[in-house]
Amino acid sequence: MLQQTRVDQATPYYERFINRFPDVRSLAEADLDEVLRLWEGLGYYSRARNMHKAARRIVEHHDSKFPDTYDEIIALQGIGPYTAAAVASIAFNEPWAAVDGNVIRVISRLYGIGEDVRLASTRKRIARKADELLDRVRPGDFNQAMMELGATVCTPKTPACSRCPFQNSCHAWQHDRISHYPFKSPAKKRPHFHIATGVIRDDQGHVLIARRPENVLLGSLWEFPGGKQEPGESLSGAVRRELREELGVDVTVDQEPFEVIQHAYSHFTITLHAFFASLADGSAPPKSQNGQPFRWVSAHELTNFAFPKANRKITETLVKYDAEQ
Ligand code: SF4
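What counts, and where the lines are drawn
Residues numbered from 1 in each chain as written. Predicted model: local features only at pLDDT ≥ 70, side-chain atom pairs only at ≥ 80, totals over all residues. Heavy atoms only, no water. Axes fitted to C-alpha atoms, helices over the stretch in contact; angles between N-to-C directions. Helix = DSSP H or I, 4+ residues; strand = E, 2+ residues; numbered from the N terminus. Parallel < 35°, antiparallel > 145°, perpendicular 65-115°, else oblique. Left-handed = near helix turned anticlockwise from the far one by under 90°. Contact = heavy atoms within 4.5 Å. Nonpolar A, V, L, I, M, F, W, Y, C, P; charged D, E, K, R; others polar. Core = buried A, V, L, I, M, F, W, Y, C linked by side-chain atoms within 4.5 Å. Buried < 20%, exposed > 50% of the residue type's maximum accessible area, 1.4 Å probe, protein only. Polar contact = N/O pair within 3.5 Å; in protein donor to acceptor, adjacent residues only side chain to side chain. Pairing = 2+ DSSP bridges.

A. How the structure looks around the packing of helix H3 (residues 32-39) against helix H4 (residues 45-61). Running from N to C, H3 and H4 point in directions that differ by 140°, and their axes come no closer than 10 Å. One element, H3, and the other, H4, form an angle in the oblique class. Handedness of the crossing formed by H3 with H4: right-handed. Of the residues in H4, those touching H3 at Leu32, Val35, Leu36 and Trp39 are Tyr45, Arg47, Ala48, Arg49, Met51 and His52.

And the structure:
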């Protein structure tokens, strides 16, 4: 939770999560929907899905106890080399070097490694150096010391070299080139997409929501069906096409969206245009074309489902409309 979110924002999420899932077994036994609902708003939903899967693996393969070797830890869903090395070394004294952003900075300066740290080859080279340096008797202390050195002494902008224990052997300091390390190529500009989404209402005022596939961005969350506007296509045309492709229905779509939402993801930004739609006369009933479940729900039931942030704004508007009627 804390990896992308400030402590004060994450704390209420953490407390709700721990109250509901006080141990690994309760998390493993929970429905994914409930886990995602408690996570909703934190973003990076694959973390919640992975934690849920990892809990199940720990219950099934490790008798509900967190595994204590690097190989078993890294086999858990959602755990990569950094987390596995940090947990294995700090909690179980296994000799693995943990390489985070702080350690990358320290090592690139210490050894004058000037290649782009976005490249996997550079990161591998730095990881090898960290492994050479690792104290194999106290790997956990070593890893924490390196992280602390990067966080408190060898800081990104003005490192406190005069109190650094490595000053005499530091390449960057000796050559007065501290600002050259680490080198990171500029990030690519994030593309922007227009997404058109259709809120289909039936005669009873229920709306149709569909579940996203598990293996995509925002996987397993619920949404109003729709998708990317294609070149030369109107937004309402995009809604009609998407709903035909996803649900096999013909719909009539309002001329104007009732809500327009801007949202930024880590690798792209979107404008989400939400339109009211209804099944056209003679349309076939909705039938999922990709095997993903869909449901008709009332406005007040929308709070029971986990939605991505931009879609949640639509549900809030629908609840407001419903209350006004
Ligand atoms: Fe970082 Fe300065 Fe220490 Fe080199 S001497 S590792 S640049 S703090």
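B. Inspection of the packing of helix H7 (residues 101-111) against helix H8 (residues 120-133) at higher detail. Where H7 meets H8, the axes come as close as 10 Å, and the angle between the chain directions of the two elements is 85°. Of the possible angle classes, the one that applies to H7 and H8 is roughly perpendicular. Across the interface between the two elements, Ile104, Ile107, Ser108 and Tyr111 from H7 touch Arg123, Ile126, Lys129, Ala130 and Leu133 from H8. Per-class residue counts for the contact of H7 with H8 are six nonpolar, one polar and two charged.

C. Spatial organisation of the nonpolar core. Val199, Ile209, Phe224, Leu302, Ile314 and Leu318 are the most contacted members of the largest nonpolar core, which totals 38 residues. When contributions to this core are tallied by element, the ones reaching two or more residues are helix H1 (7-20), helix H2 (24-29), H3, H4, strand S1 (192-200), strand S2 (207-211), strand S7 (269-279) and helix H12 (309-324). Apart from the residues lying within four places of it in its own chain, the contact partners of leucine 318 are Val199, Val207, Phe224, Phe258, Phe276, Ala299 and Leu302.

D. Main features of the side chain of threonine 155. Mapped onto the elements, threonine 155 comes out in the loop between helix H9 (139-153) and helix H10 (171-174). Polar side-chain contacts of threonine 155 include one of 3.3 Å to the backbone oxygen of threonine 158.

E. Spatial organisation of the sheet that holds strand S3 (residues 222-223). Here we have three strands laid out as an open sheet, ordered S3-S2-S8, and antiparallel in their pairing. Each edge of the open sheet is held by one strand with a lone partner, namely S3 and strand S8 (294-297). As paired elements, S2 and S3 share two bridges and run antiparallel to each other. Considered in S3, the bridge of alanine 210 is made with glutamate 223.

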